[in-house]
Amino acid sequence: MIPHLDLRQVNQPYAEALQAAACRVLSSGWFVLGHEVEAFETGFAAYCGVKHCIGVGNGLEAIHLIFKAMNFPEGSEIIVPANTYIATILPITALGLTPVWAEPDPRTYTLAAPQIEPLITEKTRAIVVVHLYGRCCDMAPIEELARKYNLKLIEDAAQAHGATYQNRKAGNLSDAAAFSFYPTKNLGALGDAGGVVTNDDELAHQVRLLRNYGSEQKYIHRIPGMNSRLDELQAAFLRVKLSHLDADNRRRQALAARYLAEIHHPSLQMPPADAIDQDVWHLFVVRHPQREAFMTYLRQKNIGTVIHYPVAPHQQDAYREYRYLDLPLTEQLHREVLSLPLNTVLTDAEADYIIETINESPY
Ligand SMILES: *Cc1c(COP(=O)(O)O)cnc(C)c1O
């Protein structure tokens, strides 16, 4: 079986360095907010080309902390992509803000300026872009809108570690960006972890306070914060993984380039091939009008695929109040997309087999 993703295999090449990192933390006797977190924060900020990185508990809380720090009045409207993982939107509703759902660009499936502008009202305060599947949104026109209407711009970069847009990295394309280091992500920890990156000194300071009970000085609380700290062990693992991120992303790009050049099937709609080396291919997402039959065929041929995602956020039970929305492209994508295996340990021979099997598919 060629699995869609096997996390044991993915971490195997770094096993020795990861074990050494764990031993280092164990023998330090220091487990929360110490040297490893600081070193990772410095390293990841430099990697993204921004001034600040604040390590936090996970990607969801990274988004939550950004919105909490921005402190928009209740009822403010936040423009979000309808085609995303639900974690993009949950912090917005949790804070009493109103998500305004935009359909995706029909070519890239990501949020784009033409779909955003008609949704802007007097109450709009921010736009959240999601660099979905590892491809940066077309930011220049979106930055233009943010300037024109005086809106904050926030990136959900949970799928885009190392992705670039006009020579700037994801995380450096907005007022503040949220990263997840969930184990399946391009930069994945061995447990939950996340980060906020920004060039804004004041915002960085607020997020730093908020993640640690509103405190900089032990037992002195300046604002009512929460506990969303990156721990030393995960930071130590992430330092190891960060040193391999570019090489890992290059491997993903090489596999994506092969799929794009060599998969030819009349029923399959492939992702756009215009940004192969800027995209970091967190997922390789194709569309098929008979998705179930195609996935079953691949499973019978021992190729594992996964659907990202089967149900759109506005159609989830958790968001019943938004079910009335009519977002036809988003809904169609959720019926048709599937993700082919593409990861750092997939071999050339496995890619050959996947390509050949798809090209021979009767569906
Ligand atoms: C993974 C992911 C998140 C959430 O990250 P967690 O660390 O699982 O909380 C948010 N947004 C997107 C687009 C994601 O892919």
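Residues numbered from 1 in each chain as written. Predicted model: local features only at pLDDT ≥ 70, side-chain atom pairs only at ≥ 80, totals over all residues. Heavy atoms only, no water.

### Here's the deal with the environment of F31
- By the element assignment, F31 lies in the loop between α2 (15–28) and α3 (35–48).
- Along the primary structure F31 and P289 are separated by 258 residues, whereas in three dimensions their C-alpha atoms are 50 Å apart.
- Apart from residues lying up to four places away in sequence, F31 is in contact with V25, L26, D231 and E232. (Helix = DSSP H or I, 4+ residues; strand = E, 2+ residues; numbered from the N terminus. Contact = heavy atoms within 4.5 Å.)

### What to know about the site of the ligand
- The environment of the ligand is formed by N58, G59, L60, Y85, A87, T88, V130, D156, A158, Q159, S180 and K185.
- Here D156 contributes a side-chain N or O atom positioned 2.7 Å from a nitrogen atom of the ligand.
- The separation between an oxygen atom of the ligand and a polar side-chain atom of K185 is 2.7 Å.
- Within the complex, the protein chains bury 91% of what would otherwise be the 380 Å² of accessible surface of the ligand.
- Comparing atom positions with the cavity grids shows the ligand to sit within the largest pocket.
- Tallied by class, residues from the shell around the ligand come to five nonpolar, five polar and two charged. (Near = heavy atom within 4 Å. Polar contact = N/O pair within 3.5 Å; in protein donor to acceptor, adjacent residues only side chain to side chain. Areas by Shrake-Rupley, 256 points an atom, 1.4 Å probe, with all protein chains shown as cover. 1 Å grid on protein atoms, 1.4 Å probe; cavity = no way out; pocket = protein on both sides within 12 Å on 5 of 7 lines; lining within 4 Å. Sits in = over half its atoms within 2 Å of the grid points. Nonpolar A, V, L, I, M, F, W, Y, C, P; charged D, E, K, R; others polar.)

### Some remarks on helix α13 (residues 348–359)
- Here α13 spans 16 Å end to end across 12 residues, near enough to the 16 Å set by a 1.5 Å rise per residue.
- The complete set of buried residues in α13 reads A351, I354, I355, T357 and I358. Along the long axis of α13, the arc covered by the buried residues comes to 165°, so they all point the same way.
- The inward-facing, buried residues of α13 contact α10 (245–262), α11 (291–300) and β13 (337–340). (Expected span 1.5 Å × (residues − 1). Buried < 20%, exposed > 50% of the residue type's maximum accessible area, 1.4 Å probe, protein only. Arc of directions from axis to C-beta.)

### A closer look at the environment of L325
- Examined against the element boundaries, L325 turns out to sit in the loop between α11 and α12 (328–336).
- Expressed as a C-alpha distance, the spacing of L325 and W101, which sit 224 residues apart in the sequence, is 8.7 Å.
- Not counting residues within four places of it along the chain, the set of residues in contact with L325 comprises W101, H314 and E331.

### Brief notes about the pairing of strand β4 (residues 124–130)
- In terms of burial, β4 is largely enclosed, as six of its seven residues are buried.
- Both strand β2 (residues 77–81) and β4 contribute to a ladder of three bridges, which runs parallel. Bridge pairing in β4 links I78 to A126.
- Strand direction decides the pairing type here: β4 and strand β5 (residues 152–156), joined by five bridges, are parallel. Looking across to β5, one finds that V129 is bridged to E155.
- After leaving β4, the chain enters helix α7 (residues 139–149) and then returns to the sheet as β5, a path that is right-handed. (Pairing = 2+ DSSP bridges. Right-handed = clockwise from strand over helix to strand, strands pointing away.)

### Concerning the packing of α3 against helix α9 (residues 232–242)
- Relative to each other, α3 and α9 sit at 35°, their axes nearing to 8 Å. Here α3 runs over α9; the crossing is left-handed. Of α9, the residues touching α3 (which contributes H35, E36, V37, A39, F40, G43, F44 and Y47) are E232, A235, A236, L238, R239 and L242.
- Residue composition of the contact of α3 with α9, by class: nine nonpolar, two polar and three charged. (Axes fitted to C-alpha atoms, helices over the stretch in contact; angles between N-to-C directions. Left-handed = near helix turned anticlockwise from the far one by under 90°.)

### Concerning the UniProt feature "modified residue: N6-(pyridoxal phosphate)lysine" (unreviewed entry) in the chain
- As annotated by UniProt and renumbered to match this structure, "modified residue: N6-(pyridoxal phosphate)lysine" (unreviewed entry) occupies K185.
- Residue position: K185 is located in the loop between β8 (176–180) and β9 (194–198).
- The exposure class assigned to K185 is buried, which follows from its relative accessible area of 15%.
- In contact with K185, not counting residues within four places along its chain, are A158, H161, S180 and H282. (UniProt positions renumbered as here; feature names shortened; annotations may be inferred.)

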